Amino acid sequence: MGNRTISPDRTLPSFEEAEGLGPEDSQFVRDLVAVLEKHGNLDRFGLCLLHDHFPVSADEVLVETHDIAARTLRIQVEKAATTGHTRPSQWRFVKTGGDGEEAEGQVCQVILQCTPVSGCPAERNTLS
C-alpha cells in the first residue's frame, strides 16, 4: 500500500475497494507514531481508511451527530456554507508542492464535521 497519493479532487475508492492497513505498512505506522509522539499528539490523532460510499460535492461536507442515550452515530451530507456550528473531526492530507511550501496554504482538507448540538465542542481552533 505504501507511497499512494490521493489528490483532493480525485474520487476515493469505495469501501469494498479500499485497502486497509497490512503488514507491509508496519514501518509507515511506526514512523507516523514517532512523529505523533514527538509532537505530543499520540492521544489526539489516529488513522482512518479514506473511502467513499457515495459522491460528496466540493460544496458539501459530511456532518456527524450522535445520540448519547441511544449510543448511535449518524452521518449526513450538508452544504458546507450553511451547515451551522460544526467542528472538523476528520481530515485528509493534501499533497504539497514538494519543496516544503504548502499548496495554497492548506495541508489538510476537512472530510467530516461534528455538530456541537450533538455534544461536540464548538469553540476550538480548526485546521484548514
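Rules and cut-offs
- Residues numbered from 1 in each chain as written.
- Predicted model: local features only at pLDDT ≥ 70, side-chain atom pairs only at ≥ 80, totals over all residues.
- Heavy atoms only, no water.
- Salt bridge = Lys/Arg side-chain N within 4 Å of Asp/Glu carboxyl O.
- Helix = DSSP H or I, 4+ residues; strand = E, 2+ residues; numbered from the N terminus.
- Buried < 20%, exposed > 50% of the residue type's maximum accessible area, 1.4 Å probe, protein only.

S.K.: Sorry, what's going on with the pattern of salt bridges here?
M.R.: A side chain of one charge can pair with a side chain of the opposite charge when the charged atoms of the two come close. Within the structure shown, the criterion is met by two salt bridges. Of the charged contacts, one joins lysine 79 and aspartate 59 as a salt bridge, the two residues approaching to 3.0 Å between their closest N and O atoms. One end of the pair, lysine 79, is in strand E2 (residues 72-79); the other, aspartate 59, is in the loop between helix H1 (26-38) and strand E1 (60-67), and 20 residues separate them in sequence. Exposure remark for lysine 79: the relative accessible area of 41% places this residue in the partly exposed category. What makes aspartate 59 partly exposed here is its relative accessible area of 40%. The closest approach of N and O atoms between glutamate 60 and lysine 79, which form a salt bridge, is 4.0 Å. Separated by 19 residues along the polypeptide, glutamate 60 in strand E1 and lysine 79 in strand E2 bring together distant segments of the chain. Put simply, Asp59, Glu60 and Lys79 are held in one network by salt bridges that share partners.

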